[in-house]
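Architecture at a glance
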Amino acid sequence: MVISVDIDRFTIKKTLVDQGSSVDILYWKTFKAMRIPEFKMVPYDDHVVGFSGERMGTKGYIELYSTFGQEKNTKTIRIRYLVIDANTS
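Computed from a predicted structure; not experimentally measured.

1. Here we look at the overall build of the chain
Of regular secondary structure, the chain possesses one helix and seven strands. In sequence order, the chain lays out its α and β elements as β-β-β-α-β-β-β-β. Counting over 89 residues, the chain shows a buried share of 27%. Total accessible area on the chain is roughly 6,900 Å²; 48% of this is exposed by carbon and sulfur atoms.

2. What about the side chain of T58?
Topologically, T58 is positioned in the loop between β5 (55-57) and β6 (60-70). Assessed through its relative accessible area of 15%, T58 is described here as buried. A distance of 2.7 Å separates the side chain of T58 from the backbone oxygen of Y44, its partner in a polar contact. Within polar-contact distance, the side chain of T58 engages the backbone oxygen of D46 at 3.2 Å. Residue contacts for T58: discarding those within four places in its chain leaves Y44, D45, D46, V48, L82, V83 and I84.

How each quantity is defined
- Residues numbered from 1 in each chain as written.
- Predicted model: local features only at pLDDT ≥ 70, side-chain atom pairs only at ≥ 80, totals over all residues.
- Heavy atoms only, no water.
- Helix = DSSP H or I, 4+ residues; strand = E, 2+ residues; numbered from the N terminus.
- Buried < 20%, exposed > 50% of the residue type's maximum accessible area, 1.4 Å probe, protein only.
- Areas by Shrake-Rupley, 256 points an atom, 1.4 Å probe, with all protein chains shown as cover.
- Polar contact = N/O pair within 3.5 Å; in protein donor to acceptor, adjacent residues only side chain to side chain.
- Contact = heavy atoms within 4.5 Å.

What follows is the structure in structure tokens.
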């Protein structure tokens, strides 16, 4: 399911919600566009396995408040996102 979500004051319009995924991913290109200082990211040296089975390194993780829903029917939660440098296609 593709929806928009507000993450740390920014509306992200292309969001993939995969309830079967074991991690929440924020792509490096999006992280940079959000202008979050890199020092706020916590180092994380493990790998994640991509959709086609390839292993990808992470740049770190960051915890951000994320708001789902529209108008009066919203929910805001803190999510730990793994930041990865990979193609988003």
